[in-house]
Amino acid sequence: MTPTVAVLAGGVGAARLLTGLVRAVPPAEVTAVVNVGDDMVMHGLAISPDLDTVVYTVAGAIDPDRGWGLRDESWQAMATLERYGGATWFGLGDRDIGTHLYRTQRRADGAPLSTVTAEIARGWGLDLAVVPVTDDPVRTMLTPAEGPDAGVEIAFQDYFVRRQHGVAVAAVRFAGAEAARPAPGVLDALGGAGTVIIAPSNPIVSIGPVLAVPGVQEAVAARRETVVAISPLVAGRALKGPADRLMRELGHEDSVVGVGGVGLVDHQRAGHADAVRAAGLRCVVTDTIMRDPAAAATLSMVALGR
């Protein structure tokens, strides 16, 4: 079935939007095209944080306090690892490890990431399609502007989790993107959907790696009249994560105009609507804070023009 809606998705913000979107339209008509730039191998396990956050959140299984991992987790494996002096800066709950064990084994069997992701989504009873933007390795690399590692690239999770995104960034690169190919179904979803939504995710390190895969940005640009982008900024600030700070550090305007291609902006930044329109973009001012799935569903309906 051709999807009614295709969503370019990062992590938490996109996952919350999708919880509402599957209330607004039949889930089988939704395809989430998800960032893989955050993916990593840790303790020998293949970990896909954004894919898992989308699946867990839409399934209603996400830890509501952390915004990642599974609710009602236990942490015995991490405690044992700490006993041995192993690396514990990237927390993996005991049940969450089961997901990574499955993904790692299936990848070792030769299954592409898109196939494994579909299996995991089905395992959680989801009807929407959750698709990695590519089956090829793409990794977000950041160059710190200060500190002992200034000028030396580090992986995204090192920046975001280990260093708590507390270091200024001079550059961002999506390693492997130029050689990657869109995963099966990605270009068909973007070309065939009635609406393409760019979720309220970090525009640089969540949406950026998605658009960096050859063919994806072109597919979105070809659909310009039916593309709706939701700003991740509220009152000029990110509700979660370093999106606003990263944009300033890399020389982008930390406003809805700086996001580029914005369709929906929060009412607290209504004064920027004229600037968005002056840039040749359509603009709708609305409440973009997704306090719960019902609010996310309302936002989804606005994005769909309903």
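Rules of the game
Residues numbered from 1 in each chain as written. Predicted model: local features only at pLDDT ≥ 70, side-chain atom pairs only at ≥ 80, totals over all residues. Heavy atoms only, no water. Phe/Tyr/Trp six-rings, centres within 6.5 Å; stacked < 30°, edge-to-face > 60°. Buried < 20%, exposed > 50% of the residue type's maximum accessible area, 1.4 Å probe, protein only. Lys NZ or Arg CZ within 6 Å of the ring centre and 35° of its normal. Pairing = 2+ DSSP bridges. Helix = DSSP H or I, 4+ residues; strand = E, 2+ residues; numbered from the N terminus. Core = buried A, V, L, I, M, F, W, Y, C linked by side-chain atoms within 4.5 Å. Contact = heavy atoms within 4.5 Å.

### A closer look at the packing of aromatic side chains
One pass over the structure, following the stated rule, counts five aromatic pairs. Arranged with centres 6.2 Å apart and planes meeting at 80 degrees, the rings of Trp68 and Trp75 form a pair that is edge-to-face. According to the relative accessible area criterion, Trp75 is partly exposed, its value standing at 26%. Put simply, the rings of Phe156, Tyr159 and Phe160 pair up and form one aromatic cluster. Taking NZ or CZ as reference, Arg66 lies 5.7 Å from the ring centre of Trp68, over its face.

### Some remarks on the sheet that holds strand E7 (residues 154-155)
Pairing between sheet strands relies on hydrogen bonds along the backbone, with the strands arranged either parallel or antiparallel. Ordered by their spatial adjacency, three strands build an open sheet running E7-E6-E8, and the pairing between neighbours is antiparallel. Each of the sheet's edge strands pairs with one partner strand only, and the pair in question is E7 and strand E8 (169-175). When strand E6 (residues 139-144) meets E7, the two strands line up antiparallel, connected through two bridges. Bridge pairing in E7 links Leu142 to Ile154.

### Points about the nonpolar core
Soluble globular proteins tend to bury their nonpolar side chains together. Judged by nonpolar contacts, the single largest core of 63 residues is most densely connected at Val7, Leu18 and Leu190. Looking at which element gives the most residues to this core, the answer is helix H1 (residues 12-24), with six residues. Excluding anything up to four places from it in sequence, Leu18 contacts Val7, Val30, Ala32, Val54, Val58 and Leu128. With 10 residues, the next largest nonpolar core counts Leu142, Ile154, Leu246 and Met247 among its residues.

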